[in-house]
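In case you want the letters, here they are:
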Amino acid sequence: AFVDVEHRAHAAWRATGGLPLGSKTRLVVSSHNFQGTLSLPELRALGAEMRAAAGDQGVVKLAQMAPDSLAAARMLSFRAEFPGPVIALTMGEAGTFVRLLAPRFPATVLTFGALSGRASAPGQPTAVQMLRDFRLGAMTERTKVYALLCAEGGAAADRAAAVAAGVTAGMV
């Protein structure tokens, strides 16, 4: 079992008793930023604070809004180097690929896909899209990933179709 506690509320939660001593339940310490994506040094610092709060067996969960693909790529860099169990996602259309590449990182605990028409964050693909169109169930840390870079003004549907075509062809 897991208990998810927002990082900003962790001290207050701990003051009320936190997890009972000897509990098998694991703590998820979460941080959500709907305004943007921190710099890599800021992500590292926040991640270290959250790791200290969650403990070695706990899970650090960072979800931040990615205004562009460069911001989203910072989250991938953070995820690749961060020690221990982690959920590191970006929200928004530009950050969708971070959710789709989660299985490439062995320490990633999970990623999120919405039920049809029920996204809980901007840019969140549906679970069906993730499994059928992007073949998430077949991806491992050894999966080779190829990217198609588009101009900022490129249509999201065109980019998604190109990625799906690569997945279908076995390129991803």
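What counts as what
Residues numbered from 1 in each chain as written. Predicted model: local features only at pLDDT ≥ 70, side-chain atom pairs only at ≥ 80, totals over all residues. Heavy atoms only, no water. Pairing = 2+ DSSP bridges. Helix = DSSP H or I, 4+ residues; strand = E, 2+ residues; numbered from the N terminus. Axes fitted to C-alpha atoms, helices over the stretch in contact; angles between N-to-C directions. Contact = heavy atoms within 4.5 Å. Salt bridge = Lys/Arg side-chain N within 4 Å of Asp/Glu carboxyl O. Buried < 20%, exposed > 50% of the residue type's maximum accessible area, 1.4 Å probe, protein only. Expected span 1.5 Å × (residues − 1). Arc of directions from axis to C-beta. Polar contact = N/O pair within 3.5 Å; in protein donor to acceptor, adjacent residues only side chain to side chain. Parallel < 35°, antiparallel > 145°, perpendicular 65-115°, else oblique. Left-handed = near helix turned anticlockwise from the far one by under 90°.

1. Side note on the sheet that holds strand E4 (residues 86-91)
Then step 1. Strand order in the open sheet formed by 4 strands is E1-E2-E3-E4, with parallel pairing between adjacent strands. A single partner strand is all that each edge strand has here, and the edge strands are strand E1 (2-6) and E4. Within the sheet, the average angular offset between the axes of one strand and its neighbour, ignoring direction, is 20°.
Then step 2. Both strand E2 (residues 26-33) and strand E3 (residues 59-65) contribute to a ladder of 6 bridges, which runs parallel. Among the inter-strand pairings, serine 31 is bridged to a residue of E3, identified as leucine 62.
Then step 3. Contacts from helix H3 (residues 69-81) reach E3 and E4, with the element oriented near 175° to E4.

2. Here we look at the pattern of salt bridges
Then step 1. Following the criterion strictly, the structure yields 4 salt bridges and no others.
Then step 2. Arginine 44 serves as the salt-bridge partner of glutamate 81, at 2.4 Å between the closest nitrogen and oxygen. Of this pair, glutamate 81 sits in helix H3 while arginine 44 sits in helix H2 (residues 40-54), placing them 37 residues apart in sequence.
Then step 3. What makes glutamate 81 partly exposed here is its relative accessible area of 41%.
Then step 4. The partner of arginine 132 in a salt bridge is aspartate 133, and the shortest N-O contact between them spans 2.9 Å.
Then step 5. Overall, arginine 132 belongs to the exposed group, its relative accessible area being 57%.
Then step 6. A relative accessible area of 23% means that aspartate 133 is categorised as partly exposed.

3. Section: H3
Then step 1. Helix length check: H3 (13 residues) gives 19 Å between terminal C-alpha atoms against 18 Å at 1.5 Å per residue, within 8%.
Then step 2. Three or more residues of H3 are buried, namely Ala71, Ala72, Met75, Leu76, Phe78 and Arg79. End-on, the buried residues of H3 take up no more than an arc of 160°, which puts them together on one face. For H3, the exposed residues lying more than 90 degrees away from the buried face are Leu70 and Ala80.
Then step 3. Looking at the buried positions of H3, the neighbouring elements they touch are H2, E3, E4 and helix H4 (96-100).
Then step 4. Taking the backbone nitrogen of leucine 70 as reference, a side-chain oxygen 3.2 Å away marks aspartate 68 as the first, capping residue of H3.

4. Notes on the packing of H2 against H3
Then step 1. Look at H2 against H3: their axes get within 10 Å of each other, and the N-to-C directions meet at 45°. The pairing of H2 with H3 is recorded here as oblique in orientation. In this structure, the crossing between H2 and H3 has a hand that is right-handed. Along the contact surface, H2 presents Leu40, Leu43, Arg44 and Gly47, while H3 presents Arg74, Met75, Ser77, Phe78 and Glu81.

Don't take any of this as a statement about function, it's just geometry.
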